[in-house]
Amino acid sequence: MAAFPPEVRPETGPKKTLPPQFRRTLVDYYTKEPAGTIIVDTQNTYLYLVLGQGKAMRYGIGVGREGFTWSGTERVTKIAEWPDWNPPEEMIVRQPYLPRFMAGGETNPLGARALYLGKTVYRIHGTNQPQTIGQSVSSGCFRLVNPDVIDLFDRVPVGTGTFGSRSLQQG
């Protein structure tokens, strides 16, 4: 793992805690989007799960670095627990030292859970690097700390989401 770039390498040493603004929290959130919608605010590095009645669960996220941001609309087509990682070909071209496959587990860059967005290479996934939350460091995916992605995973069923630059809607 030491040969991997910092954005892929798991954090070592004492566990770091998230700054308060990036901790999962129930917030007032008024939107016309229905309950079950996920709204991704890349500029402020938050992901909101709309609960309805003016409430949402807010999660701090890490987002794509400059040149690796994504917008559009997709459906959540797959979810996985402790997913295996197969870096997309585009990523291997940029970083040829990456492994072609890494089994799921605590050192895997996808973390504890992943929500796959359509047929794209983009995902909402966990991370073993809490220090990256609130940062623009990924190759376009949205990362949450493992406890938060597990919480989101348990709330968002397969096949019921539509992802957009502004929202991910269930239903």
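Everything below is about the structure printed above this text.
Everything in this summary refers to the structure shown in the same document.

Conventions and cut-offs
- The numbering scheme is per chain: residues are counted from 1 as the chain's sequence reads.
- Side-chain atom pairs in this predicted model are given and counted only at pLDDT of 80 or more, local residue features only at pLDDT of at least 70, and totals for whole chains, interfaces and linings cover all residues.
- Excluding hydrogens and water, the side-chain values take into account all heavy atoms of the structure.
- Stacked, edge-to-face and tilted are the three classes for Phe, Tyr and Trp ring pairs, Trp counted by its six-membered ring, which pair at centre distances within 6.5 Å; planes under 30 degrees apart are stacked, over 60 edge-to-face, the rest tilted.
- A run of H or I in DSSP counts as a helix once it spans at least four residues, and a run of E counts as a strand once it spans at least two, with each numbered from the N terminus.
- Think of it in three bands: residues with accessible area under 20% of the maximum for their type are buried, residues over 50% are exposed, and the middle band is partly exposed, with areas taken using a 1.4 Å probe on protein chains only.
- Only buried residues count toward a nonpolar core, which is a set of Ala, Val, Leu, Ile, Met, Phe, Trp, Tyr and Cys residues joined through side-chain atoms within 4.5 Å.
- For salt bridges, the criterion is a side-chain nitrogen of Lys or Arg within 4 Å of an Asp or Glu carboxyl oxygen.
- Here, residues are in contact when the closest pair of their heavy atoms is within 4.5 Å.
- Note on pairing: DSSP must find at least two bridges between two strands before they are called paired.

A complete count under the given rule lists three aromatic pairs for this structure. Arranged with centres 4.3 Å apart and planes meeting at 20 degrees, the rings of Y29 and Y48 form a pair that is stacked. With Y29 in the loop between β1 (25–28) and β2 (37–41) and Y48 in strand β3 (residues 46–52), the pair connects residues that are 19 residues apart, well separated along the chain. This pair shows no difference in class: Y29 is buried, exactly as Y48 is. Measuring from centroid to centroid gives 6.1 Å for Y46 and Y48, while their planes differ by 55 degrees, and the two rings are tilted. According to the relative accessible area criterion, Y46 is buried, its value standing at 13%.

L47, I124 and L152 are the most contacted members of the largest nonpolar core, which has 19 residues in total. Those elements that place two or more of their residues in this core are β2, β3, β4 (55–60), β7 (113–117), β10 (142–145) and α2 (146–155). By size, the runner-up hydrophobic cluster in this structure holds 11 residues, among which are F22, V27, I39 and Y46.

Glancing now at the pattern of salt bridges. Taken as a whole and assessed by the stated rule, the structure comprises five salt bridges. In this structure, D28 engages K55 in a salt bridge whose closest nitrogen and oxygen atoms are separated by 2.4 Å. Taken together, the residues D28 in strand β1 and K55 in strand β4 connect sequence positions 27 residues apart.

As a further point, take the environment of A112. Inspection of the secondary structure puts A112 in the loop between α1 (89–94) and β7. On the accessibility criterion, A112 (1% relative accessible area) is buried. Setting aside residues up to four positions removed in sequence, A112 forms contacts with A80, E81, W82, P83, G126, N146, V149 and I150.

Extensive coverage of strand β8 (residues 123–127) is indicated by the burial of five of its five residues. Direction of pairing for β7 relative to β8: antiparallel, over a ladder of three bridges. By the bridge assignment for β8, A114 is matched with H125. Taken together, β7 and the strand that follows it, β8, pair antiparallel across an intervening segment of five residues, in which G118 is found at a positive phi of about 60 degrees. Summarising the sheet, β8 and β10 pair through four bridges and their orientation is parallel. In the sheet register, T127 faces β10, and the bridge partner there is V145.

Note that all results are geometric; they support no functional claim without further evidence.
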